[in-house]
Amino acid sequence: MSNIRKFNVIVAACENGGIGYKDALPWTLKGDMKQFAQLTTETSDPQKKNAVVMGRKTWFAIPENHRPLKNRINVVISTTLSELKPPCYVVGSVEDALVLLSSSPLLEQVEKVWMIGGERVYSYAMESPQLDRVYFTRIYGHFECDAFFPVAKLDKLEAVKDPRVSETDQEENGIKYKYEVLQSPKSELVNAA
Ligand SMILES: NC(=O)c1ccc[n+]([C@@H]2O[C@H](COP(=O)([O-])OP(=O)(O)OC[C@H]3O[C@@H](n4cnc5c(N)ncnc54)[C@H](OP(=O)(O)O)[C@@H]3O)[C@@H](O)[C@H]2O)c1
């Protein structure tokens, strides 16, 4: 098997680092959902798809009529869920997800791997040398949450531009937010090597 591949993280978090409450999103932001769908789906090679990697609760937080996330390879991390049919896979850890996606045939079929939550997936991802970029939606305000993103880990990343991502302030339903794209310096070193 070739090397373990790099991945992006995509997350929306409020000022206290909260990402979820009672197995659902604490907010409804259609613009952010649209951006999530676009970024995680779009590929430069039309023959390939992207993969989304998520914990079991995130999987079940997706409304049934949108599950699996369409036009993407869905990889669910769980030690309790039984098998799913391709293009959905169940694996026992984030490491196993990366091994699966770094091996044939998914290595050749998948263009970009996106880690889409929840808490343990993000914690692992933010410590990994395979982290490439974080697409971060910064939501202003404090929401009651019981799942969190390690926001302090963003400090070691560098802001970059992505032409697909708006730099202007957003507002929906009275909630102010903005998009940030952050690059792992480790990733640049790997690229330069
Ligand atoms: N704001 C955002 O961007 C965002 C993104 C995603 C999710 N969310 C929200 O976050 C919440 C869900 O996140 P969560 O942290 O509570 O749960 P989660 O990570 O989605 O799911 C937890 C479950 O996934 C499995 N799992 C996760 N990491 C694992 C690991 N490293 N090794 C083995 N198994 C692992 C385990 O399943 P088993 O018990 O089956 O072993 C665990 O019980 C929801 O409220 C959701 O709406 C928000």
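Residues numbered from 1 in each chain as written. Predicted model: local features only at pLDDT ≥ 70, side-chain atom pairs only at ≥ 80, totals over all residues. Heavy atoms only, no water.

- Per an unreviewed UniProt entry, the protein carries the name dihydrofolate reductase and comes from Ramazzottius varieornatus.
- In its Pathway (unreviewed entry) section, the UniProt record describing the protein reads: "Cofactor biosynthesis; tetrahydrofolate biosynthesis; 5,6,7,8-tetrahydrofolate from 7,8-dihydrofolate: step 1/1."
- Turning to the protein, the UniProt record has this under Sequence similarities (unreviewed entry): "Belongs to the dihydrofolate reductase family." (UniProt positions renumbered as here; feature names shortened; annotations may be inferred.)

**Points about helix α3 (residues 94-101)**
Phase 1: All buried positions along α3 are accounted for by V94, A97, L98 and L101. Looking down the long axis of α3, one finds its buried residues gathered within 95 degrees of arc, a one-sided arrangement. (Buried < 20%, exposed > 50% of the residue type's maximum accessible area, 1.4 Å probe, protein only. Helix = DSSP H or I, 4+ residues; strand = E, 2+ residues; numbered from the N terminus. Arc of directions from axis to C-beta.)

**Here we look at the site of the ligand**
Phase 1: Around the ligand, the surrounding shell holds 27 residues, and the nearest of these are R56, T58, S78, T79 and T80.
Phase 2: A24 has a polar backbone atom sitting 3.0 Å from an oxygen atom of the ligand.
Phase 3: Here L25 contributes a backbone N or O atom positioned 3.4 Å from an oxygen atom of the ligand.
Phase 4: When isolated, the ligand has an accessible area of 900 Å², and the protein chains bury 86% of it.
Phase 5: For the shell around the ligand, the elements supplying multiple residues, two or more each, are β1 (7-14), β2 (18-20), α2 (56-61) and α5 (119-127).
Phase 6: A per-element tally of the shell around the ligand places α2 first, with four residues.
Phase 7: Partitioned by chemical class, the residues of the shell around the ligand number 13 nonpolar, nine polar and five charged. (Near = heavy atom within 4 Å. Polar contact = N/O pair within 3.5 Å; in protein donor to acceptor, adjacent residues only side chain to side chain. Areas by Shrake-Rupley, 256 points an atom, 1.4 Å probe, with all protein chains shown as cover. Nonpolar A, V, L, I, M, F, W, Y, C, P; charged D, E, K, R; others polar.)

**Brief notes about the environment of K70**
Phase 1: Tracing the chain through its elements places K70 in the loop between α2 and β4 (72-77).
Phase 2: Expressed as a C-alpha distance, the spacing of K70 and D32, which sit 38 residues apart in the sequence, is 17 Å.

**As for the side chain of E180**
Phase 1: Among the secondary structure elements, E180 is positioned in strand β11 (residues 175-183).
Phase 2: Polar contacts involving the side chain of E180 include one to the side chain of R138, which spans 2.5 Å.
Phase 3: Other than its neighbours up to four places away in sequence, E180 contacts V134, Y135, F136 and R138. (Contact = heavy atoms within 4.5 Å.)

**Section: the pattern of salt bridges**
Phase 1: Tallied over the full model, the rule gives nine salt bridges.
Phase 2: Here E127 and K153 are joined by a salt bridge, their closest N and O atoms 2.5 Å apart. Placement of the pair is E127 in helix α5 and K153 in the loop between β8 (147-148) and β9 (158-159), with a sequence separation of 26 residues.
Phase 3: R164 serves as the salt-bridge partner of D162, at 2.8 Å between the closest nitrogen and oxygen.
Phase 4: Classification of D162 as buried rests on a relative accessible area of 8%.
Phase 5: R164 sits in the partly exposed class, given a relative accessible area of 31%.
Phase 6: A single salt-bridge network, built from bridges that share partners, covers E42, R133, D162 and R164. (Salt bridge = Lys/Arg side-chain N within 4 Å of Asp/Glu carboxyl O.)

**Looking at the packing of aromatic side chains**
Phase 1: Tallied over the entire structure, the rule returns five aromatic pairs.
Phase 2: Between Y122 and F149 the ring centres are 5.1 Å apart and the planes differ by 75 degrees, which places this aromatic pair in the edge-to-face class. Linking Y122 in helix α5 with F149 in the loop between β8 and β9, this pair joins segments that are 27 residues apart in sequence. F149 shares its class with Y122; the two are buried.
Phase 3: For the pair Y177 and Y179, a centre-to-centre distance of 5.7 Å together with 85 degrees between the ring planes defines the contact as edge-to-face. Like Y179, Y177 is buried.
Phase 4: Chaining the aromatic ring pairs together yields one cluster made of Y122, F136 and F149.
Phase 5: A cation sits over an aromatic face here: R67 above W59, 5.7 Å from the ring centre. (Phe/Tyr/Trp six-rings, centres within 6.5 Å; stacked < 30°, edge-to-face > 60°. Lys NZ or Arg CZ within 6 Å of the ring centre and 35° of its normal.)

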